[in-house]
Amino acid sequence: MIQPETPREGLELVVVGTAMFQPDQFEALAAILEPDTIRHPRTKALWDVLADRIPKGVPVDYAALGTDSDLVKAVGGPAVFAQIGAHAVADARWHAEQLRDLVAAQRTGIEIRHALEQLADDPDAARAAIRQAVDRQDTADWDEPTRLEPPPPPVLDVKLLGGIGEMAQAVADSLQVPVDLPAWFGMAAASAAIGGRRTVSPKPDWSEPVTLYCMTVAAPGEKKSPSRSAMVAPLADEELRRKAADRYAVARDQQDRRIAEAVVAAAEQKVIKATNSTTRQKARADLEAVRSELDELGEPKVPTQMLADDTTPEAAAGVLAEQGERLAVISAEGGFLGNIGGRYSNQPNLEIVLKAWSHEPHTVNRKNGPPLFLTRPNLTLALAVQPGMLSGLGDTAEVFESRGFTGRFLFAVPRSLVGQRSYDTDPVPDEVRRRYADGIARMISRIWDDTEVRPMDLDADARAVFKDFWEDWERRHLVPGDLTAVEGWSKKLPGQILRLAAVMALFDAPDCLTVSGETMANAVALVPYLLAHARLVVDLMSAEKQSRLGPARAVLDWLRKRHPDGALTAEDVKRGVHGQSWFEGVDSVKEALDVLERHGWVRWLPVPERTGRGRRPAPRFVVHPRVLEPPR
């Protein structure tokens, strides 16, 4: 067996030998070590080969590596190569940590000795070098830091969404976006195609309108607009087709209405100008006749509008009144959220949005024109908003929560793929695009065009699945802290699951009036995903959390990007984060650093004594050596 000459060489043999025999440990070991930690010629040669092969899935056993004559020679020959595996252990992470700390200590010793050699020539530079070396050594023996943010959200399993999921996955692969973006746009498109013409009921006296409010949170540059366009295209195409078909009827109606109104006006003049009662009586009879002709024209015909983008709640109510009380606002921006939050009125206007989700009657009294009476308004909402919009809501977030607005949404906060995207991608297959478009078209023709609102129910299996979910979810509300942060949202989740199951069932079979057990099971399987993402949105919208943790998160993000080596001061951070919305001077930076210290991400160093007449040195801190790794 190879006998190492130094402790460092012994640790290197353990780490490299273990990685060769247990390749699944390589990633964890490499994360602990600096790139140049493995230095001995034989272990470095083998480590470099492992680093090249293991990520690619290429075998690294003796048989596979033994054919590399250059490697075997670099290691020391076949005899030495055959002995390396004898140093392998079950778990080499402890050895990797010891090796890392040993190398850090050796580096510190070398730096201090070099500084001492320069002491006579440049005392100030020597003292600074010694201080930096000691600072780096002080980063040893750190505890595991505490997260400042929730754990990464789960990834959406789009297979649960059936045909909508198939299209969403193809769009996500082509555009290189998180699949959540096209998936929830697709679910909203299907909801819009239903147009409020279906309800779903799990038992007597409980009925849910089949309509969805969806919100996906994504930063700029995440291809929200192309994702929306791909998933909403069948609706937009049908809207254009219907507008073209409506053109003649709308023009004819406008002409008939102008003629009728002119005739009524002329008849009114005859009544006014009548010189005796007999003439006036005949003129009134003529007026009543032409007025009835105008009344028979009914409401003015308007072009079909299924979709809206950036609109106000007042305008949305007007379109609902014109379009049979159904409309879909599907937008790749958060403009509609800002509008209902009071962008133009300085106070939130949520009434139509709240009522259209549950199909409650709504009356709009207008300054110009008669009031609007909506008996059963139906609205589909799908918004893609930027994180800063939610975190900047302030007091409006509390209004949204207290009024039950946020509880009506299905949320998604997908992890960005930027930095991991591929350029060469396959376009959406024609057959997948066609199946999805045909599914939406069938829903429009058989459901949206239906003149009646028809109820759906659950089959026996679906009722059993939903009952089990409901009872378990109900008990969870008794667990202290489990659903407290999302209490308003969680109370509406059972109804949301019913709506989701109905949308998925109707996409697959537009004529069905019963939700199957399989479809209900798929909807219930989405619960962990929906809950985790709702928690993330609540965290973003919480003013208290943002005021306390927001600056600390911003500083930690800056530290990760800077990848600091050695001690820093608050002034160093100030220069890096200057200009951010939370920044109010160096004191705000110090407060953020104090939060990071309490969570174990930084450590303040003892302030050295002042020498001479100069200003006392500024407090310095060091950063957790694993700042680039997420806490376990």
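Residues numbered from 1 in each chain as written. Predicted model: local features only at pLDDT ≥ 70, side-chain atom pairs only at ≥ 80, totals over all residues. Heavy atoms only, no water.

Caption draft 1: Spotlight on the overall build of the protein chain. Scanning the protein chain for helices and strands turns up 25 helices and 14 strands. In the protein chain, which comprises 632 residues, the share counted as buried stands at 47%. The long-range fraction of contacts in the protein chain, counting pairs at least 24 apart against all pairs at least 6 apart in sequence, stands at 74%. Carbon and sulfur atoms provide 51% of the accessible area of the protein chain, an area that totals close to 32,100 Å². (Helix = DSSP H or I, 4+ residues; strand = E, 2+ residues; numbered from the N terminus. Buried < 20%, exposed > 50% of the residue type's maximum accessible area, 1.4 Å probe, protein only. Contact = heavy atoms within 4.5 Å. Areas by Shrake-Rupley, 256 points an atom, 1.4 Å probe, with all protein chains shown as cover.)

Caption draft 2: Spotlight on the sheet that holds strand β1 (residues 198–203). Taken in spatial order, the 4 strands make up an open sheet running β2-β1-β10-β11, and their pairing is mixed. The sheet terminates laterally at β2 (206–209) and β11 (514–515), the two strands that pair on one side only. Of the strand pairs in this sheet, strand β10 (residues 454–458) and β11 are connected by 2 bridges, and their pairing is parallel. Residue pairing for β11: L458 is matched across the bridge by V515. The strands that helix α19 (residues 460–476) touches are β1, β2, β10 and β11; relative to β10, the one it contacts most, it runs at about 75°. (Pairing = 2+ DSSP bridges. Axes fitted to C-alpha atoms, helices over the stretch in contact; angles between N-to-C directions.)

Caption draft 3: Expanded view of a negative patch on the surface. Negative charge collects at one region of the surface, where E584, D587, E591, D594 and E597 lie side by side. For E597, the position within the fold is in helix α25 (residues 586–598). (Patch = residues over 30% accessible without salt bridge, like charges linked within 9 Å, V, L, I, M, F, W, Y side chains within 5 Å. Salt bridge = Lys/Arg side-chain N within 4 Å of Asp/Glu carboxyl O. Lys, Arg positive; Asp, Glu negative; His and termini not counted. Charge placed at Lys NZ, Arg CZ, Asp CG, Glu CD.)

Caption draft 4: Spatial organisation of the sheet that holds strand β8 (residues 378–385). The parallel open sheet is built from 5 strands, whose spatial order is β4-β5-β8-β3-β9. Two strands lie at the open edges of the sheet, namely β4 (307–308) and β9 (410–412), each paired on one side alone. On top of the sheet, helix α10 (residues 180–194) reaches β3 (213–217), β5 (326–331), β8 and β9; it is set at about 165° to β8, its chief contact.

Caption draft 5: Spotlight on the confidence of the model for the protein chain. The share of residues in the protein chain with pLDDT of 70 or more is 88%, and the mean pLDDT across the chain is 84. Taken together, the stretch residues 109–113 has pLDDT below 50 and engages in 5 contacts with residues farther than four places along the chain or on a different chain. (pLDDT = per-residue confidence, 0-100.)

Caption draft 6: Structural view of the packing of aromatic side chains. Throughout the structure, instances matching the rule amount to 11 aromatic pairs. Residues F400 and F405 carry aromatic rings whose centres are separated by 4.5 Å and whose planes lie at 45° to one another, so their mutual orientation is tilted. Residue F405 is classed as buried on the basis of its relative accessible area of 1%. Within the aromatic cluster, the residues linked to one another by ring pairs are Y213, F400, F405, F409 and F411. Note that R499 overlies the ring of W357, its terminal NZ or CZ placed 3.7 Å from the centroid. In this structure, R560 is placed above the aromatic ring of W601, and the distance from its NZ or CZ to the ring centre is 5.1 Å. (Phe/Tyr/Trp six-rings, centres within 6.5 Å; stacked < 30°, edge-to-face > 60°. Lys NZ or Arg CZ within 6 Å of the ring centre and 35° of its normal.)

Caption draft 7: Quick peek at the pattern of salt bridges. Enumeration according to the criterion identifies 20 salt bridges in this entry. The residue E571 makes a salt bridge to K574 at a minimum N-O spacing of 4.0 Å. Here K574 and E571 lie together in helix α24 (residues 570–577), a separation of 3 residues that amounts to about one turn. Classification of E571 as partly exposed rests on a relative accessible area of 35%. When its relative accessible area of 29% is taken as the criterion, K574 is described as partly exposed. Counted as one network, the salt bridges with shared partners bring together R198, D450, E452 and R454.

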